[in-house]
Structure formats: structure tokens, C-alpha cells
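Examination of the molecular architecture
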Amino acid sequence: MLKIIVISRGWWPHIYGGAEKFMFNVVKELANKHDVVVLTSVGSSETHRGYTLYSMGLKSLSTINSTRFSIWAARRASKISADVVLVNNYWGEIAPLLLRNKPIITIIHDVGFISRKDIMSYVKKFIVKATIKNSKKIVVPSKSVLEDLSTMMGANISDKVLVLGFEGVEGPFKRTFVKNNYFDILLPGRFAPNKGHDIALEAFKYVVRRIPNARLWLVGGLSPGNERYFRKVRELASEFGDKVIIKVNVKDMDPYYRLADICIFPSRGEEGYGLTVLEALAYGKPVIASKVFELTGAVSKDRALIVEPENPQALAKAIISLYNGEVDTEFMVRKGLEHARRLNWRRVAETLEQVMYSVIGKQQ
């Protein structure tokens, strides 16, 4: 049995995002075999689900609060006797730089800022580079993230990086359907520019002309820093009246996945893998995804319709073709369900467990 410290700035369900859900589900699995202590920023301290949670008790995650948390977490972790520290990395996460005398494994979900040229992006690059150097091992979800990290580092770092190549998923693992008078299109994902809500809304202009009973659901979390983008999305959505429904920070996505006739993912980039894409597949939904998710490995041509990013017309055409029955939906859904059934959080946790044992030089 290992004593594991987990540092995660956000903790599901207080923060609505893939990184938090990833670590939350992994910890649930690790806690079945190991002694796990979680350090997080939001919520209250408690012992539950077999692990202990210590929270800083913050109510928001501004840049200043995020830095405060990293310092607090590093200090708290240094006082706990543990075999290894598992860090759920965010682009400004400096806790790995402050920890001493503890093996650190850092999970980097994506480095979407890599192509940006603003000052904050340069700061983030500096922090991530230093984090990579100070960690015993880096874990990433896909080869595309490894390629981005190697580009950023200016060197081949594959020896230090483990590519998972998959994530876990929960769901009914069967095709679900709610019969009503609408053709419901769901875009699940946090409200951030890379997710392409504006692309979906532009595509919806073409869709409603051909499918009068279509509805578009935009459901996801809203993180600090994306308020301006969210206002833009609401403004674009307003011209459609009740045909576009926006839901923010919902506690349970299950009803929305069940309601959807199809799920769309028009991301323009900055994706590490695509957990919500897997969730849609696990609900047996026909999926339309931008090529970004083909590159991460979340979809392939046999289990989704793949469109070029930044192309509302192509997205609209794909939606209409599904509605008109021009695609072998049964085949696509079956392939998606087969893929989803192979993926679970236990596999992810076991892979991380192997990494931890190898880093600290212990036998399982």
C-alpha cells in the first residue's frame, strides 16, 4: 500500500471540467488500495469515499487565489509523510516547484496556450517547463499533448513522459433516447473559446432552415476568465429564442445526454483528449467532432462524423445528414459503444499505480 498525496486545484463537482473529473475518478479507484490524501482549494475538508480531503476553503479561483493555493498545498504536502505526490497540473500550477524531498508525478492534460504570444502565455510556458524538470514523471492523455510539450521544451522528452492513450468513462453503455417533438443537439463542454460554441451557433443558422424542430443545448461549466466569451455566446444565442438553451454549471449531465439526439464537439483546438466525447459515446449518441478529437484519439471515422475545425458549414451539413438518415448511425453508435466499454477508470488508476511504483522503486 502506498501513501499518496494528490494536489488538485479544483475538485469535482465544485469545478466543472475534465481535469477535475479525471482526478476525482482516479482517486476513487486508488483509494480502494492505497492511503490517499487530497489537497484542494474549493469546498470543505472531509473524509469520504475512502480518502481524506483537505481544502483551503477558497470560494473562487482567480490567478491570485490559484497561486495562494499552490503555496498552501506545497507547504501542507511537505508536512505529510508520503511515498509520492500526484499533481493535477494546471497551466499556472507552481506546487511542484515548491516541493522538496518527495517524488512528484505531474499529469498535464493539455498545453492549449502554446501558440499564444501574450505575456501570460510566456509565464505559463516557463512554469510548465520548470514543472517538467522538477517532476520524476509526466503523464499525458495523448500523443498530441506529448508533441506539444516536446515542441515547447525544444527537445524530445518522451523518455520522461507516459502517454496514457485513453481515459475512463462512466455511462449506461447503451443507446439512450428520449422521444419528443424536437431534434435535440447537445454541445457538452465548459464555456471557453476553444470549445467552439460560436461555431455551433453559426452552424445552427443553417440547421434550423432545414430542421425547423431542431434545438441546440449548450451545457457546461464557466471558469474564471471566460466571462467575456460567455457573454458573446449568450448574445449569439439570443437571436434563436427558445431554440437555443444554455445551462451553466449543472450538477448532473445525465439528463442532457439522455435527451440528446446527437452530440457535437466543434472544438477549434487546445484539447488534451476529450472526456465529454467519450461520455457521449457511452450514452450511445451519434457524435460529430472536429478533427481535433481525431488527433487526440478520442474519435475515429468509424465511430463519429469528423469535420474540419472552424467550419460551420461542414458542421451544419453533418448535422443535417444525420437527421436525414444519410449516415449509417447504427454502425457508428455500435462502434462508439464498443470503444467506450473498453475504457474505465480502474484501467487509468492501475496505469498510474504502475508509474508510482516505478518512480519510487518499490515492488507492487
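Scoring rules and cut-offs
- Residues numbered from 1 in each chain as written.
- Predicted model: local features only at pLDDT ≥ 70, side-chain atom pairs only at ≥ 80, totals over all residues.
- Heavy atoms only, no water.
- Phe/Tyr/Trp six-rings, centres within 6.5 Å; stacked < 30°, edge-to-face > 60°.
- Helix = DSSP H or I, 4+ residues; strand = E, 2+ residues; numbered from the N terminus.
- Buried < 20%, exposed > 50% of the residue type's maximum accessible area, 1.4 Å probe, protein only.
- Lys NZ or Arg CZ within 6 Å of the ring centre and 35° of its normal.
- Axes fitted to C-alpha atoms, helices over the stretch in contact; angles between N-to-C directions.
- Parallel < 35°, antiparallel > 145°, perpendicular 65-115°, else oblique.
- Left-handed = near helix turned anticlockwise from the far one by under 90°.
- Contact = heavy atoms within 4.5 Å.
- Nonpolar A, V, L, I, M, F, W, Y, C, P; charged D, E, K, R; others polar.
- Core = buried A, V, L, I, M, F, W, Y, C linked by side-chain atoms within 4.5 Å.
- Expected span 1.5 Å × (residues − 1).

**Structural notes on the packing of aromatic side chains**
Here the structure, examined in full by the defined rule, presents 10 aromatic pairs. An angle of 35° between the planes, with centres 5.9 Å apart, marks the rings of Phe69 and Trp72 as tilted. Taken together, the positions of Phe69 and Trp72, both in helix H2 (residues 63–78) and three residues apart, correspond to about one turn of that helix. Judged by centre distance (5.0 Å) and plane angle (20°), the rings of Tyr257 and Tyr283 are stacked. Of this pair, Tyr257 sits in helix H8 (residues 254–259) while Tyr283 sits in the loop between helix H9 (275–282) and strand E13 (287–290); the two residues are 26 residues apart in sequence, bridging distant segments of the chain. Both residues of the pair, Tyr257 and Tyr283, belong to the buried class. Put simply, the rings of Trp11, Phe24 and Tyr51 pair up and form one aromatic cluster. Here the basic side chain of Arg76 rests over the ring of Tyr54, its NZ or CZ set 4.3 Å away from the ring centre.

**Some remarks on the packing of helix H6 (residues 197–210) against helix H11 (residues 312–323)**
One can describe the packing of H6 onto H11 by two numbers: an axis separation of 8 Å at closest approach and a directional angle of 45°. Judged by the inter-axis angle, H6 sits oblique to H11. Where H6 crosses over H11, the handedness of that crossing is right-handed. The residues of H11 that touch H6, namely those facing Ile199, Ala200, Glu202, Ala203, Tyr206, Val207 and Arg210, are Pro312, Gln313, Leu315, Ala316, Ile319 and Ile320. Considered class by class, the residues forming the contact of H6 with H11 number 10 nonpolar, one polar and two charged.

**Some remarks on unusual backbone geometry**
A positive phi angle is found at Phe173, which is not glycine, with a value near 55°. The topology assignment puts Phe173 in the loop between strand E8 (161–163) and strand E9 (183–188). Phe173 sits in the partly exposed class, given a relative accessible area of 24%. Not every positive phi belongs to a glycine, and Asn249 is a case in point at roughly 55°. With respect to the helices and strands, the residue Asn249 is situated in the loop between strand E11 (244–248) and H8. Exposure remark for Asn249: the relative accessible area of 31% places this residue in the partly exposed category.

**Here's the deal with the environment of Glu167**
With respect to the helices and strands, Glu167 occurs in the loop between E8 and E9. Note on Glu167: relative accessible area 5%, which makes it buried. For the pair Glu167 and Phe22, spaced 145 residues apart in sequence, the C-alpha to C-alpha distance is 7.8 Å. Not counting residues within four places of it along the chain, the set of residues in contact with Glu167 comprises Phe22, Pro141, Tyr273, Leu275, Leu278, Leu343, Asn344, Trp345 and Val348.

**Description of the nonpolar core**
Among the nonpolar cores identified, the biggest contains 59 residues, and Ile4, Val36, Tyr51 and Leu86 are the most heavily contacted of them. Of the residues forming this core, the biggest block, seven residues, is contributed by helix H13 (residues 345–360). In this structure Leu86 touches Ile4, Ile5, Val6, Ile7, Met23, Leu30, Ile105, Ile107 and Leu352, once residues within four positions along its chain are discounted. Counting residues in each nonpolar core, the second largest holds 33 residues, with Val207, Val233, Val244 and Ala318 among its members.

**What to know about H11**
Helix length check: H11, at 12 residues, gives a terminal C-alpha distance of 17 Å against a target of 16 Å (1.5 Å per residue), a fit within 8%. Among the residues making up H11, those that are buried are Pro312, Leu315, Ala316, Ala318, Ile319, Ile320, Ser321 and Leu322. Those residues of H11 that are buried lie in contact with E9, H6, strand E12 (262–265), E13, strand E14 (305–307) and helix H12 (329–341). Just downstream of H11, Gly325 is the residue with a positive phi angle, here 75°.

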